[in-house]
Amino acid sequence: MGVPEISNRSEQSANRSGRPTWSRRGILAVLGTVPTVALTGCSGSADASEGTNASAKAAASTKAKAKTPTVSVTPADGTKKADFSSPVEVTVANGTLSTVKVTGNDGSTLAGSFNDARTKWTSTKNPYSGTKYTVTAKPQGADAHTASFVTKSPGETFVGYFTPEANSTSGVGMPVSINFTEAVKDRAAVEKAITVTTEPAVEVVGHWFSDTRLDFRPEEYWAAGTKITLSLRLKDVEGTDGVYGTQSKDVVFHIGRRQVSTVDLAKKTMTVERSGSTLATYPVSGGDSDHTTWSGIMVISERFKQTRMESSTVGLGDEYDISDVPHAQRLTTSGTFIHGNYWASTSVFGSTNTSHGCVGLHDAKGANDSSVAGYKFYNSSMLGDVVVVKNSGEKTVEASNGLNGWNLSWADWTAGSAL
């Protein structure tokens, strides 16, 4: 420590007494330096500087954390029984979303879209039930955020059984008919989830015959060679309260050649037209005056080389029971067939209507004689072929009695759609 200069007088006094004599000014000068040294050596100025730096760093860190993007997913991460009736949502605070991917454990993905600010992503469709989903969301300039959830399974379910069969070929009159295992309350939701498209393209509209039956057809018969695709997207569609569909599939059908047969029961003949030309004309026998045959447009819905027919099944008691009716083709649900007949005299066909409501053609017992009309017509026919009955003395068959929606005008048909 530096020592302040001592005056000459003090030095002289010290020389006389033998010890130093300090002047008051000198003592104060010396003592005055002590606080200065103490403040210099023991001051908190360095600590204050370090504290200021630490506070600045903490503030900067807090500020940095406040600006870090925070991602939220709905349903929340870890949810075990998430709702499947609402879309998946991903939001970000303090940032924007760069990418979002939602993948199910079944390999499916959920598409979606961002809002204009890219702070929110919403799936286009709802997630499927009973599925585990993984959500990977990456904010701009930050690490990706991952979350997962499992959707709950529906309590009650329904399915739709469709006609015709997948990959089958049918006649030009075959509608796409769907029968549901549960009554449908929300017809619009169910019909919206089912589409029928064709090649070549034609408008196809659905018609509800009941709460359990929905058919589809175009305005006119299908064109020969048409490819029909039925798309069922019923999975998780709520058909009625708490009852959900399970199907998500595409089914393809084909339409074969055009064949339309016209039965004139005044003339007792049937003319078979194939692709614009007459293929054959057969003598027939229809229903008698007490059991008249339905008139109108009917579609072959079942075919049997041989089958048993009992009058009791159509409310006619025990009038007949024939175990081996040959070449039987169903036209109505109520029991109208066009079939071969070996038990009536050959002279009946083309001259008298004697049946209980069916249309009969001459045939042979055993269904193996290729020379008779019953065999020939059956052999030329397929499911979905059209049979038109006129001059029968009976009213037009109900459109719902079989696959016979063609009896409705296009206006009446489209009026039966829920869309």
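The residue count restarts for each chain, going from 1 along the sequence in the order it is written. Since the coordinates come from a predicted model, pLDDT governs what is reported: local features require at least 70, and pairs of side-chain atoms require 80 or more to be given and counted, while whole-chain, interface and lining totals use all residues. Excluding hydrogens and water, the side-chain figures rest on all heavy atoms present in the structure.

**Here we look at the pattern of salt bridges**
Opposite charge on two side chains allows them to pair when their charged atoms are near. Stated precisely, the cut-off is as follows: A carboxyl oxygen of Asp or Glu within 4 Å of a side-chain nitrogen of Lys or Arg is what we treat as a salt bridge. For helices the rule is a DSSP run of H or I covering at least 4 residues; for strands it is a run of E covering at least 2, with both sets numbered from the N terminus onward. Exposure categories follow from relative accessible area, calculated using a 1.4 Å probe and restricted to protein chains: below 20% of the type maximum is buried, above 50% is exposed, and the middle band is partly exposed.
Applying the stated rule across the entire model yields 11 salt bridges. A salt bridge links Glu273 to Arg258; the nearest nitrogen and oxygen atoms lie 3.9 Å apart. Separated by 15 residues along the polypeptide, Glu273 in strand β20 (residues 269-274) and Arg258 in the loop between β18 (248-255) and β19 (259-264) bring together distant segments of the chain. Since its relative accessible area comes to 19%, Glu273 is described here as buried. Notably, a salt bridge pairs Lys365 with Asp324, separated by 2.6 Å at the nearest N-O pair. Linking Lys365 in the loop between β26 (359-362) and α5 (373-380) with Asp324 in strand β24 (residues 321-330), this pair joins segments that are 41 residues apart in sequence. With a relative accessible area of 13%, Asp324 lands in the buried category. Three or more residues joined by partner-sharing salt bridges are found here, namely Arg308, Glu310 and Asp321.

**Points about the nonpolar core**
Heads up, the rule is: We define a nonpolar core as any set of buried Ala, Val, Leu, Ile, Met, Phe, Trp, Tyr and Cys residues linked to one another through side-chain atoms lying within 4.5 Å. Every residue pair with non-hydrogen atoms within 4.5 Å of one another is taken to be in contact.
Phe180, Val190, Ile194, Val196, Phe216, Leu230 and Leu234 are the most contacted members of the largest nonpolar core, which totals 32 residues. In this structure, Phe216 is in contact with Pro175, Val176, Ile178, Glu191, Ile194, Val196, Val204, Val205, Gly206, Trp222 and Trp413, ignoring residues within four places of it in sequence. Val263, Met270, Ile338 and Val387 belong to the second-largest nonpolar core, a separate cluster that totals 18 residues.

**Side note on the side chain of Asn404**
Mapped onto the elements, Asn404 comes out in the loop between β27 (386-390) and α6 (410-415). A residue is classified by how much of its surface remains accessible, and Asn404, at 0% relative accessible area, is buried. Those residues within four positions of Asn404 in sequence are excluded, and the remaining contacts are Ile297, Met298, Val299, Leu331, Thr332, Val397, Glu398 and Ala399.

**Here we look at the confidence of the model for the protein**
For any part of a model where pLDDT is low, the fine detail of the predicted coordinates should not be relied upon. Basically, it comes down to this: On a scale of 0 to 100, pLDDT captures the predictor's confidence in every residue.
Here the protein shows a mean pLDDT of 89. Residues at 70 or above account for 84%. For residues 1-46, every residue scores under 50 in pLDDT, and the model assigns this stretch 16 contacts once sequence neighbours within four places are set aside.

**Describing the sheet that holds strand β2 (residues 89-93)**
Filter applied, for reference: Pairing between strands is defined by DSSP: at least two bridges between the two strands are required. The axes are straight lines fitted to the C-alpha atoms, using for helices just the contacting stretch, and the angles between their N-to-C directions are given from 0 to 180°.
The 4 strands are arranged β1-β2-β5-β4 in an open sheet whose pairing can be described as antiparallel. The open sheet is flanked by β1 (70-74) and β4 (112-114), the only strands paired with a single partner. Across the sheet, the axes of successive neighbouring strands diverge by a mean angle of 15°, strand direction being ignored. Strand direction decides the pairing type here: β4 and strand β5 (residues 120-123), joined by 3 bridges, are antiparallel.

**Some words on the sheet that holds β27**
Across the sheet, 5 strands lie side by side as β21-β20-β19-β27-β22; this open sheet has mixed pairing. What marks the edges here is a single partner per strand, and that holds for β21 (277-283) and β22 (296-299). The average undirected angle you get between the axes of adjacent strands in this sheet is 20°. Pairing geometry for β19 and β27, over 5 bridges, is parallel. Bridged to Val263 within β27 is Val389.

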